[in-house]
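Next come the chains, spelled out residue by residue.
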Amino acid sequence: MGKTLLLLSLLLCSFIIDLEASRQDLNQPYRTGYHFQPPSNWMNDPNGPMVYKGIYHLFYQYNPYGAVWDVRIVWGHSTSLDLVNWTPQPPAFSPSQPSDINGCWSGSVTILPNGTPVILYTGIDQNKSQVQNVAVPVNISDPYLREWSKSPANPLMAPNAVNGINPDRFRDPTTAWIGHDGEWRVIVGSSTDDRRGLAVLYKSRDFFNWTQATKPLHHEELTGMWECPDFFPVSITGTEGLETSSSGEVKHVLKMSLIETLHDYYTIGCYDREKDVYVPDHGFVQDGSAPRLDYGKFYASKAFYDDVKKRRILWGWVNESSPAKDDIEKGWSGLQSFPRKIWLGESGNELLQWPIEEIETLRETQVNWYNKVLKAGSTIQVHGVTAAQQADVDVSFKVKDLEKADVIEPSWTDPQKICSEEDLSVKSGLGPFGLMVLASNDMEEYTSVYFRIFKSNDTKYVVLMCSDQSRSSLNEENDKATFGAFVAIDPSHETLSLRTLIDHSIVESYGGGGKVCVTSRVYPKLAIGEKANLFVFNKGTQSVDVLSLSAWSLKSAQINGETVSPFSECEDSHSLNQY
């Protein structure tokens, strides 16, 4: 009898927990299940990601006072064993010195040769100037690095009359690297009054006394302020990541976040270690014509080398598409992209990205399709994915009748414009075909991610990937822009793959095996909970083959919250203590 009562008590407790979770979902339908976010309030740039003593760390720009940006920004801090489940730690530091009294802005972590992590970050000083500061762990034996100390020598780098750096445009130091002479190098983003973007280079022998180099690492005219620069090597012989000071058979990547467009662009090139200059490869220009890390909502990204699994991992800030009043009402704003492995593609002229393998630990119900034909004009529901609001979908398409592709107009050079004007209602020979996610039962709401194939006059094929949010919500106050990019794939020899991560209010899509990434924010009013559906569709005039489709329901990760114990609030101490 006692065991029966205990079992009933546990079942009742489990029911109450599930009920509370359901209420939470109804009250917060846009809060994510497996994307990083703090328990509440505003978050923007990822800062100083690293792994230390086997523990992953993510710092981030955090406003502890509300769901909008505030000058009193601090460095939020969380830790993880697997980059999926996260435990909140106390903020690493907040404004306290003259050199950061008006805000602790973005920066990076560098691991010194003795294994000690050091943070370089931008502070807004008492004069509202942007200066560079340093902080070190109080206790290096603590793998969680819960306490940090700022140097009394701060700031280490500052604008002045001699260097001519604009005090309003000097921020976001990168991870430092060791040059050929054994000295440290670091770059800081900047720009001149005539909009020349700069990666200002500094050198140091001891990491705490820095001297500005005579020339920037790189610059480009008419690009405006370079925020959150990132500079790192990539292997030309494989997909493994490299430590930031590595040399040899490598290329280098220079990424900058352009404040004038709010997008992240990168170039691939060569770093001359003797001259301390970076030269992009032929065809690359460090401006808005450069390839983007993501063609949707994604900014201020930061990569780090994971020496545990020998890979480089990329984080990016994914901001809201809802008005600020909605953010205030829901009590939070900002996500981080799901962490991505990033490496140099075989062509040597593009970076590839893919969700880290740890996402597979969240997979539950799986649905598989093989060799289905999507007839012209068809829409087929993917049944069996029990959590259509939290899912991982991977589909491969094959197109046979390529000669039926429409001819692309020579003036169609802007993929986002094409996607905006050629929506699902515009049929073509080959496409649109792809996925409809977060779709309501009546199809009044849905977000579509899809391909179109065109042919050019020289008989080459052009693959366009679109993420269309125009029908994502009945709420017309949201930004429902459509995003798009060309995918460097030859459909006559390769299959077209599309992988999409769905998580309540974020849709992250990877086209062509990670050649193109597009991240969207959506806020459906109808397609919530069990009313969210998943479809595969083909609105073109020709059939398309689905070679394979795998879809998984994903369980929620533990993201900066306490694990609910069935023996906590709903336990009856009298009845349980008897057994």
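Calculation criteria
Residues numbered from 1 in each chain as written. Predicted model: local features only at pLDDT ≥ 70, side-chain atom pairs only at ≥ 80, totals over all residues. Heavy atoms only, no water. Helix = DSSP H or I, 4+ residues; strand = E, 2+ residues; numbered from the N terminus. Rg over C-alpha atoms; globule rule 2.2 N^0.38 Å. Contact = heavy atoms within 4.5 Å. Buried < 20%, exposed > 50% of the residue type's maximum accessible area, 1.4 Å probe, protein only. Polar contact = N/O pair within 3.5 Å; in protein donor to acceptor, adjacent residues only side chain to side chain. Pairing = 2+ DSSP bridges. Axes fitted to C-alpha atoms, helices over the stretch in contact; angles between N-to-C directions. Salt bridge = Lys/Arg side-chain N within 4 Å of Asp/Glu carboxyl O. Phe/Tyr/Trp six-rings, centres within 6.5 Å; stacked < 30°, edge-to-face > 60°. Lys NZ or Arg CZ within 6 Å of the ring centre and 35° of its normal. Domains from an automatic or database assignment. Buried area = accessible area lost by both parts, 1.4 Å probe. Nonpolar A, V, L, I, M, F, W, Y, C, P; charged D, E, K, R; others polar. Core = buried A, V, L, I, M, F, W, Y, C linked by side-chain atoms within 4.5 Å.

Where an unreviewed UniProt entry is consulted, the protein appears under the name BnaC06g07120D protein, with the organism given as Brassica napus.

Student: In this structure, what is going on with the overall build of the protein? I would like to understand it.
Tutor: Counting secondary structure elements, the protein contains four helices and 37 strands. What you see for the protein is a C-alpha radius of gyration of 25 Å, in line with the 25 Å of a compact globule of 579 residues. Seen along its three principal axes, the alpha-carbon backbone of the protein occupies a region of about 80 × 65 × 45 Å. Expressed as a percentage of contacts within the protein between residues at least 6 apart in sequence, the contacts between residues at least 24 apart total 64%.

Student: In this structure, what is going on with the side chain of Lys297? I would like to understand it.
Tutor: Here Lys297 is to be found in the loop between β18 (277–280) and β19 (299–306). Judged by its relative accessible area of 13%, Lys297 falls in the buried class. There is a polar contact of 3.4 Å between the side chain of Lys297 and the side chain of Ser321. The contact partners of Lys297, leaving out residues within four places of it in the chain, are Trp317, Val318, Asn319, Glu320, Ser321, Asp479, Phe483, Thr519 and Arg521.

Student: Just checking my understanding: could you explain the sheet that holds strand β6 (residues 117–124) for this structure?
Tutor: Backbone-to-backbone hydrogen bonds join strands into a sheet, with any given pair of strands oriented parallel or antiparallel. Pairing in this open sheet of four strands is antiparallel, and the strands run β5-β6-β7-β8 from one edge to the other. Two strands close off the open sheet at either side, each with one partner strand: β5 (104–111) and β8 (148–150). Neighbour-to-neighbour, the strand axes of this sheet turn through a mean angle of 30°, independent of strand direction. Bridge count between strand β7 (residues 130–137) and β8: three bridges; the pairing is antiparallel. Note that in β8 the partner of Val136 across the bridge is Ser149.

Student: Is there a simple way to explain the pattern of salt bridges in this structure?
Tutor: Scanning the entire structure with this criterion turns up 31 salt bridges. Salt-bridge contacts for Lys255 lead to Asp264; the nearest nitrogen and oxygen are separated by 3.6 Å. The burial state of Lys255 is the same as that of Asp264; both residues are buried. Taken together, the shared-partner salt bridges connect Asp306, Lys309, Arg311, Glu357 and Glu358 into one network.

Student: Help me understand unusual backbone geometry in this model?
Tutor: Glycine aside, the phi torsion of most residues is negative, and most peptide linkages are trans. Note the cis peptide between Asn154 and Pro155, where omega equals 0°. Among the structural elements, Pro155 can be located in the loop between β8 and β9 (170–171). Residue Pro432 is reached from Gly431 by a cis peptide bond, and omega for that bond is 5°. When you line up the elements, Pro432 lands in the loop between α3 (415–421) and β29 (433–439). Backbone geometry places Arg195, a non-glycine residue, at a positive phi of 75°. When you line up the elements, Arg195 lands in the loop between β11 (184–191) and β12 (197–204). One non-glycine residue, Met443, lies in the positive phi region at around 60°. Looking at the element boundaries, Met443 is found in the loop between β29 and β30 (447–455).

Student: Would you take a moment to explain the sheet that holds strand β4 (residues 87–93) for this structure?
Tutor: Spatially, five strands are ordered β4-β3-β2-β1-β21 in an open sheet, and the strand pairing comes out mixed. A single partner strand is all that each edge strand has here, and the edge strands are β4 and β21 (332–333). Pairing of strand β1 (residues 41–52) with β21 involves two bridges; the strand directions are parallel. Across the sheet, the residue bridging to Asn41 is Trp332, located in β21.

Student: Mind showing me how you'd approach the packing of aromatic side chains here?
Tutor: The way to describe two aromatic rings as a pair is by their centre distance and the angle between their planes. In this structure the tally under the stated criterion is 29 aromatic pairs. Ring centres of Trp412 and Phe454 lie 5.8 Å apart, and the angle between their planes is 80°; on these two criteria the pair is classed as edge-to-face. Residue Trp412 is found in the loop between β28 (406–407) and α3, and its partner Phe454 is found in strand β30; the two are separated by 42 residues along the sequence. Exposure remark for Trp412: the relative accessible area of 28% places this residue in the partly exposed category. Since its relative accessible area comes to 1%, Phe454 is described here as buried. Considering the side-chain rings of Phe433 and Phe451, the 6.1 Å spacing of their centres and the 50° angle between planes classify their relative orientation as tilted. Taken together, the positions of Phe433 in strand β29 and Phe451 in strand β30 put the pair 18 residues apart, joining distant regions of the chain. A relative accessible area of 0% means that Phe433 is categorised as buried. Through a chain of ring-to-ring contacts, the aromatic side chains of Phe36, Tyr60, Tyr62, Trp86 and Trp315 assemble into a single cluster. Geometry around Trp332 places Arg31 over its ring, the cationic atom sitting 5.6 Å from the centre. Above the plane of the ring of Trp343 lies Lys341, whose end atom (NZ or CZ) is 5.4 Å from the centre.

Student: What should I look at first to understand the domain arrangement of the protein in this one?
Tutor: Often, the extent of an interface is quoted as the loss of accessible area on bringing the components together. By the assigned domains, the protein splits into domain 1 (41–355) and domain 2 (358–554). A separation of 32 Å is found between the C-alpha centroids of domain 1 and domain 2. Contacts between the two partners involve 28 residues from domain 1 and, on the opposite side, 28 residues from domain 2. Summing both partners gives a buried area of about 2400 Å² for domain 1 against domain 2, and 54% of it is carried by carbon and sulfur. Counting the surface domain 1 buries against domain 2, the share from its top three residues, Tyr295, Ser321 and Trp354, is 26%. Along the contact surface separating domain 1 from domain 2 lie seven salt bridges. Between Arg311 and Glu358 there is a salt bridge; the shortest N-O distance is 2.7 Å. Applying the counting rule to domain 1 against domain 2 returns 17 residue pairs in polar contact (both at pLDDT 80 or more). If you tally residues by element for the side of domain 1 that touches domain 2, the top one is strand β24 (residues 351–355), at five residues. Considered class by class, the residues forming the side of domain 1 that touches domain 2 number twelve nonpolar, six polar and ten charged.

Student: Could you clarify how one ought to interpret the nonpolar core in this entry?
Tutor: Proteins that are soluble and globular tend to have nonpolar side chains buried together. Counting 43 residues, the largest nonpolar core has Val382, Phe397, Phe451, Ile453 and Val536 as the members making the most contacts within it. Dropping the residues within four chain positions of it, Ile453 is found in contact with Val399, Leu402, Ala405, Asp406, Leu430, Phe433, Tyr461, Val462, Val463, Pro491 and Leu496. In this structure, Phe36, Tyr56, Val74 and Val84 belong to the second largest nonpolar core, which totals 26 residues.

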